[in-house]
Amino acid sequence: VEGEEPAVLRGAKGLLGTRPPQTVLMEYSPGVGERQKGAMRWHKLTAYPASLRSLARAGYYMWHVDPHQIRLHAEWRDIVKSPRSRKWAFQALPPLAEVSKAVLHAEEQNAMNARFGTLNIPWDLHPHSLHAMFSHNTNLLFSLNHTAIPTAKHPLGLRADNPSFGLGGKCAHQLPLREQFGRLCIKQRRAELIARAVVAAERWGQLDVKPWSW
């Protein structure tokens, strides 16, 4: 259901309300909507964070399943490289970054800003949003039990002390300097630039200066 996960969840509203599964693993693909042609694609993007909000209201907690972070754990490094080995079925999950209320708010802000039709992705993404951590799609794990999934100590989103990640996922420092700057893949003044990008995302449509023009 590449990109149609929100429709699937709408169809499962009855199930989630009466017999909710304890755990759900779901692909999250706002990049599918972003690549569609026509102005309506921007309005469709609201369905993606809305689907996450619906699961939160159903009592689910959610975590980001990021392969870049998972492979940092030695016991998972080979598993990520060879998923067909099925060793993952017997290995305890490493700590995952939780999609908090603040992260979900930032994700909804991205969709609201897209309605203006001038959003440049990934440059204009909210630095504290889920989408700031990936380019096209990613995976999320949901559970009704908050203690069932180990939670990473660092919050989700861009951090000044982790220049390996910029807007849209892992930084590639062979990119042109302007692209690195636009994606906040730089060490100089990183904390300041992230803070300014947050303000711009929260006040989109009210500011004459967009973050990529700094």
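Predicted, not measured: the structure shown is a model, and the values here were computed from it. (Residues numbered from 1 in each chain as written. Predicted model: local features only at pLDDT ≥ 70, side-chain atom pairs only at ≥ 80, totals over all residues. Heavy atoms only, no water.)

1. Observations regarding the overall build of the chain
Here's step 1: The helix and strand inventory of the chain stands at 10 helices and six strands.
Here's step 2: The proportion of buried residues among the 214 residues of the chain is 42%.
Here's step 3: Looking at the chain alone, contacts between residues at least 24 apart form 70% of all its contacts between residues at least 6 apart.
Here's step 4: Taken as a whole, the chain presents about 11,700 Å² of accessible surface, with 56% of it coming from carbon and sulfur. (Helix = DSSP H or I, 4+ residues; strand = E, 2+ residues; numbered from the N terminus. Buried < 20%, exposed > 50% of the residue type's maximum accessible area, 1.4 Å probe, protein only. Contact = heavy atoms within 4.5 Å. Areas by Shrake-Rupley, 256 points an atom, 1.4 Å probe, with all protein chains shown as cover.)

2. A few points about the state of the cysteines
Here's step 1: Evaluation of the coordinates by the stated rule reveals one disulfide.
Here's step 2: Here Cys171 connects covalently by a disulfide to Cys185, the sulfurs 2.1 Å from one another. In this structure the cystine formed by Cys171 and Cys185 twists about its S-S bond by roughly -90 degrees; its chirality is therefore left-handed. Note that Cys171 is positioned in the loop between strand E6 (169-170) and helix H9 (177-182) and Cys185 in the loop between H9 and helix H10 (190-202), a separation of 14 residues in sequence. (Disulfide = S-S within 2.5 Å.)

3. A closer look at the confidence of the model for the chain
Here's step 1: Residues at a pLDDT of 70 or more form 88% of the chain, whose mean pLDDT is 84.
Here's step 2: For the stretch residues 208-214, pLDDT sits under 50, and the model shows 17 contacts to residues farther than four places along the chain or on other chains. (pLDDT = per-residue confidence, 0-100.)

4. As for the sheet that holds strand E1 (residues 23-28)
Here's step 1: Strand order in the open sheet formed by four strands is E1-E4-E2-E3, and the pairing between neighbours is antiparallel. The sheet is open, and its two borders are formed by E1 and strand E3 (97-98), each paired with just one other strand.
Here's step 2: The sheet contact formed by strand E2 (residues 61-65) and strand E4 (residues 138-143) spans five bridges and is antiparallel. Bridging across to E4, Met62 finds its partner in Phe142. (Pairing = 2+ DSSP bridges.)

5. Points about the pattern of salt bridges
Close approach of charged atoms lets side chains of opposite charge pair.
Here's step 1: For the coordinates displayed, the defined rule picks out three salt bridges.
Here's step 2: A salt bridge links Arg159 to Asp161; the shortest N-O distance between them is 2.9 Å.
Here's step 3: Of the charged contacts in the structure, one is a salt bridge between Glu192 and Arg189, with a shortest N-O distance of 3.1 Å. (Salt bridge = Lys/Arg side-chain N within 4 Å of Asp/Glu carboxyl O.)

6. A look at the packing of aromatic side chains
Here's step 1: Applying the stated criterion to the full structure yields two aromatic pairs.
Here's step 2: Considering the side-chain rings of Tyr28 and Tyr48, the 6.3 Å spacing of their centres and the 85 degrees angle between planes classify their relative orientation as edge-to-face. Here the residue Tyr28 occupies a position in strand E1, and Tyr48 occupies one in helix H5 (residues 47-57), the gap between them amounting to 20 residues. Taken as a pair, Tyr28 and Tyr48 share a single burial class, namely buried.
Here's step 3: When the ring of Tyr28 is compared with that of Phe134, the centres are 6.2 Å apart and the planes differ by 75 degrees; the resulting orientation is edge-to-face. A residue pair is termed long-range when its members are at least 10 positions apart, and Tyr28 in strand E1 and Phe134 in the loop between helix H8 (101-114) and E4 qualify at 106 residues. Taken individually, Tyr28 and Phe134 each receive the classification buried, so the pair is uniform in this respect. (Phe/Tyr/Trp six-rings, centres within 6.5 Å; stacked < 30°, edge-to-face > 60°.)

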